Amino acid sequence: MAQPRSLYSRLRLPARRSEAFALAALLVMTGLAIAGPSGLFAWSETLQLRDAREARLAKLEAERDRLKNRVELLDPANADPDLAGELVRRQMGVVHPDEVVVKLED
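A brief structural summary. Since the structure is predicted, the reported quantities are computational estimates derived from the model, not experimental observations. Throughout this description, residue numbers start from 1 for each chain and increase along the sequence as written. Restriction of local features to residues with pLDDT of at least 70 applies here, the model being predicted, together with a cutoff of 80 or more for giving and counting side-chain atom pairs; totals for whole chains, interfaces and linings are based on all residues. To get the side-chain values, all heavy atoms of the structure are used, and hydrogens and water are removed first.

### Re the overall build of the chain
And step 1. Across its full length, the chain carries three helices and zero strands.
And step 2. The cut-offs for exposure are 20% and 50% of the maximum accessible area for each residue type, with area from a 1.4 Å probe on protein chains only; residues under the lower value are buried, those over the upper are exposed, and the others partly exposed. Across the 106 residues in the chain, those meeting the buried criterion constitute 5%.
And step 3. Note on areas: Shrake-Rupley with a 1.4 Å probe; residue coverage comes only from the protein chains shown. Element-wise, carbon and sulfur atoms account for 62% of the exposed surface of the chain, whose accessible area totals about 10,200 Å². A run of H or I in DSSP counts as a helix once it spans at least four residues, and a run of E counts as a strand once it spans at least two, with each numbered from the N terminus.

### Some words on a nonpolar patch on the surface
And step 1. Two distance rules govern patches: like charges are joined within 9 Å, and nonpolar side chains (Val, Leu, Ile, Met, Phe, Trp, Tyr) within 5 Å, applied only to residues with over 30% relative accessible area and no salt bridge. For salt bridges, the criterion is a side-chain nitrogen of Lys or Arg within 4 Å of an Asp or Glu carboxyl oxygen. Taken together, the side chains of Ile34, Leu40, Phe41, Trp43 and Leu47 define a hydrophobic patch exposed on the protein surface, amounting to about 550 Å² of accessible area.
And step 2. Here the element with the most residues in the nonpolar patch is helix α2 (residues 40-73); it accounts for four residues.
And step 3. In this fold, phenylalanine 41 is placed in helix α2.

### A closer look at the pattern of salt bridges
When charged atoms on two side chains of opposite charge get close, those side chains can pair.
And step 1. Counted according to the given criterion, the structure contains four salt bridges.
And step 2. Linking arginine 66 and glutamate 63 is a salt bridge whose minimum nitrogen-to-oxygen distance equals 2.9 Å. In this pair, arginine 66 and glutamate 63 are both assigned in helix α2, three residues apart and thus about one turn of the helix distant.
And step 3. Assessed through its relative accessible area of 45%, arginine 66 is described here as partly exposed.
And step 4. A salt bridge links aspartate 65 to arginine 64, with the nearest nitrogen and oxygen atoms 3.5 Å apart.
And step 5. Linked by salt bridges that have partners in common, Arg50, Asp51 and Glu54 make up one network.

### Notes on helix α3 (residues 81-92)
And step 1. With twelve residues, α3 extends 16 Å from end C-alpha to end C-alpha; this agrees with the ideal 16 Å at 1.5 Å per step.
And step 2. A positive phi of about 70 degrees marks glycine 93, the residue just after α3. How far a helix is expected to stretch is found by multiplying one less than its residue total by 1.5 Å.

And the structure:
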């Protein structure tokens with residue numbers, strides 16, 4: 001009878017090791033899910049970063065649209081005369097004698 005008992009204890013020991021390993025792995029995964037770089041604690045920071053990036057993206061898209069409009073107005077085939085005149089006067093510093101310059105504070 002001693003032989004079946006020692007066989008039972010030999011079979012049971014590896015099972016406990018695998019249970020302990022599985023428990024340790026589960027605890028590590030739970031810890032990473034809570035405090036890891038993409039866990040629950042980092043979630044609010046991730047949302048703040050996303051909101052900041054969306055605001056910056058909206059600002060850059062508005063700037064891009066403004067510049068795109070300006071480029072379309074300066075198309076050599078169909079240039080806007082008002083914008084062309086404004087650019088020439090600004091860059092050359094040329095004003096006609098009958099014009100009045102009004103400087104506005106930005």
